[in-house]
Amino acid sequence: MTPILQTNLPYNPLTEQKLPGIQPATMDTWLHQDEAFAAQMRLRQSLLEQRREEVLALDPMAKPAAQELLDLVLHHVYPDAGDTVLRPDGITIPVDRSDPLQTLGQLVQEDFCILQKQGDEHVLTGAVLCFPASWRLSEKFMRPLIGIHETVQSYDDGIARRVQRLFDGVQPGRPLWRFNALWYQDATLFQPRSAKNPREIRDRGVAKYLRTERQTILRLPQTQAVVFSIHTYVLPAEAMAEKENPA
């Protein structure tokens, strides 16, 4: 399969930042669309049709939040939508509010995770996750933030408290965003991996690809759920070297 790659990034993923590296965004910049839209959307549709149980999970209590999220995405990205949406690649998608995450997964490039407050923590109660970067939705579903990140070495108690404060404090209409930078040998977007079998961390000098995620968090005004979105970019490693060292 031909790799699905971008050629440009809207930020420099190699900029050093202190964790969790949060910056303010606006609703106009909440979601992104790039030159890989058509190819990524074809893959997303295929995964949702053929591997739905691996890429989509929704607890019944989170369905109102998923429906609210669908309405919000339609409002900001497809304001003229009715019962169907005409995507920029010419594909028509039916709007099914009874299956909101299935619909969302076919409208934009972002993956979405819905987290709802239970006790003192936010729990992952719903997600459409077509492009996991070496984690498995089934292992994280219905787990709190600290459990979701238990395999991340840098996610210590201090970071956990700061992230929880961010989830408690994020407001409707005022998204926050961050990015990461991951070095991979394989450009495949759908890379689920069990926490019991973690991937080998690649050094920048030997990896073939840079995989970077633009991540946002946003509170939904009605259900008060927090939405975590992930826009995945993959570029050849040499492209990043050229950007840093132009001729």
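Above this note sits the structure.
Treat the numbers as computed from the prediction; the structure is a model and nothing was measured. Here the residue index of a chain counts from 1 through its sequence in written order. In keeping with the model being predicted, local features are shown solely for residues with a pLDDT of at least 70 and side-chain atom pairs are shown and tallied solely at 80 or more, while totals for entire chains, interfaces and linings include all residues. Hydrogens and waters are ignored; side-chain quantities use all the structure's heavy atoms.

S.K.: Help me understand the overall build of the chain in this model?
M.R.: Each helix is a run of H or I in the DSSP string that is no shorter than four residues. Each strand is a run of E no shorter than two, and both are numbered from the N terminus. If you tally the helices and strands in the chain, you get eight helices and ten strands. Within the chain, buried positions represent 51% of all 247 residues. Taking the contacts inside the chain whose residues are at least 6 apart along the sequence as the reference set, 72% of them involve residues at least 24 apart. For accessible areas, the Shrake-Rupley method is used with a probe of radius 1.4 Å. Any residue's cover is judged against the shown protein chains and nothing else. For the chain, the computed accessible surface area is about 12,300 Å², with 49% contributed by carbon and sulfur atoms. Buried means the residue's accessible area, taken with a 1.4 Å probe over protein chains only, is under 20% of the maximum for its type, while exposed means over 50%, and partly exposed covers the values in between. Contacts are assigned to residue pairs that have any heavy atoms within 4.5 Å of one another.

S.K.: I tried to follow helix H3 (residues 63-77) on my own but got confused; where do I start?
M.R.: Since the α-helix packs 3.6 residues into each turn, any two residues three or four apart lie on the same face. A helix is expected to span 1.5 Å for every residue after the first. In a regular helix each residue adds 1.5 Å, so 15 residues correspond to 21 Å; H3 covers 21 Å between its end C-alpha atoms and thus fits that length. Within H3 the residues assigned to the buried category are Ala65, Ala66, Glu68, Leu69, Leu70, Leu72, Val73 and Leu74.

S.K.: Please explain unusual backbone geometry as it appears in this structure.
M.R.: A negative phi angle characterises most non-glycine residues, just as the trans form characterises most peptide bonds. With phi around 70°, Met142 is a residue other than glycine that occupies positive phi space. Its location among the elements puts Met142 in the loop between helix H5 (137-140) and helix H6 (145-148). For Met142, a relative accessible area of 33% translates into the label partly exposed. Backbone geometry places Gln224, a non-glycine residue, at a positive phi of 70°.

S.K.: I keep staring at the pattern of salt bridges and nothing clicks. Help me out?
M.R.: Pairs can form between side chains of opposite charge once their charged atoms are near each other. Should a side-chain nitrogen of Lys or Arg be within 4 Å of a carboxyl oxygen of Asp or Glu, the pair is scored as a salt bridge. For the coordinates displayed, the defined rule picks out six salt bridges. Here Asp99 makes a salt bridge to Arg52, at a shortest N to O gap of 2.9 Å. With Asp99 in the loop between strand E4 (92-94) and helix H4 (100-104) and Arg52 in helix H2 (residues 52-55), this pair connects stretches of sequence that are 47 residues apart. Here Arg52 falls in the partly exposed class, since its relative accessible area comes to 33%. As a salt-bridge pair, Asp71 and Arg97 come within 2.9 Å of each other at their nearest N and O atoms. With Asp71 in helix H3 and Arg97 in the loop between E4 and H4, the pair connects residues that are 26 residues apart, well separated along the chain. The class for Arg97 is partly exposed, based on a relative accessible area of 40%.

S.K.: Please explain the environment of Leu166 as it appears in this structure.
M.R.: With respect to the element layout, Leu166 can be found in helix H7 (residues 157-169). The spacing of Leu166 and Leu176 is ten residues in sequence and 8.9 Å in space, taken between C-alpha atoms.

S.K.: Please clarify how the pairing of strand E5 (residues 111-118) should be interpreted in this entry.
M.R.: The two faces of the sheet receive side chains in turn, since in a regular strand these alternate between them. The buried count for E5 comes to six of eight residues, which makes it a mostly enclosed element. Two strands make a pair as long as DSSP finds a minimum of two bridges between them. Both E5 and strand E10 (residues 226-236) contribute to a ladder of five bridges, which runs antiparallel. Bridged to Asp111 within E10 is Ile230. Pairing analysis gives seven bridges linking E5 to strand E6 (residues 121-128), with the strands arranged antiparallel. If you follow Cys113 over to E6, its bridge partner there is Ala127.

S.K.: Explanation requested: helix H1 (residues 37-50) in the structure shown.
M.R.: Taking 1.5 Å of rise per residue, the 14 residues of H1 would be expected to cover 20 Å, and the 20 Å separating its terminal C-alpha atoms lies within 8% of that figure. The complete set of buried residues in H1 reads Phe37, Gln40, Met41, Leu43, Arg44, Gln45, Leu47 and Leu48.

S.K.: How do you make sense of the side chain of Gln116 when you look at a structure like this?
M.R.: If you trace the backbone, Gln116 turns up in strand E5. Identification of polar contacts relies on pairs of N or O atoms within 3.5 Å, with a donor-acceptor requirement for protein atoms, meaning one able to donate a hydrogen and the other able to accept it, and with residues adjacent in sequence counted only if both atoms are side-chain atoms. At 2.7 Å, the side chain of Gln116 and the side chain of Thr125 are in polar contact.

S.K.: Whenever I open this one, the environment of His122 confuses me. Can you help?
M.R.: Position of His122 among the secondary structure elements: in strand E6. Along the backbone, His122 and Phe167 are 45 residues apart, and their C-alpha atoms lie at a distance of 7.6 Å. Beyond its immediate sequence surroundings of up to four residues, His122 is in contact with Leu115, Gln116, Lys117, Arg143, Pro144, Leu145, Gln164, Phe167, Asp168 and Val226. Within the local environment of His122, its side chain forms a polar contact with the side chain of Gln164, the two groups lying 2.9 Å apart.

S.K.: What exactly am I supposed to notice about the pairing of strand E7 (residues 176-179) here?
M.R.: Going residue by residue along E7, you find Leu176 and Arg178 tucked away on one face and Trp177 and Phe179 tucked away on the opposite face as well. The sheet contact formed by strand E1 (residues 23-24) and E7 spans two bridges and is antiparallel. By the bridge assignment, Gln23 is partnered in E7 with Trp177. Here four bridges tie E7 to strand E9 (residues 209-219), and the two strands are oriented antiparallel to one another. Residue pairing across strands places Phe179 opposite Arg214, the latter belonging to E9.

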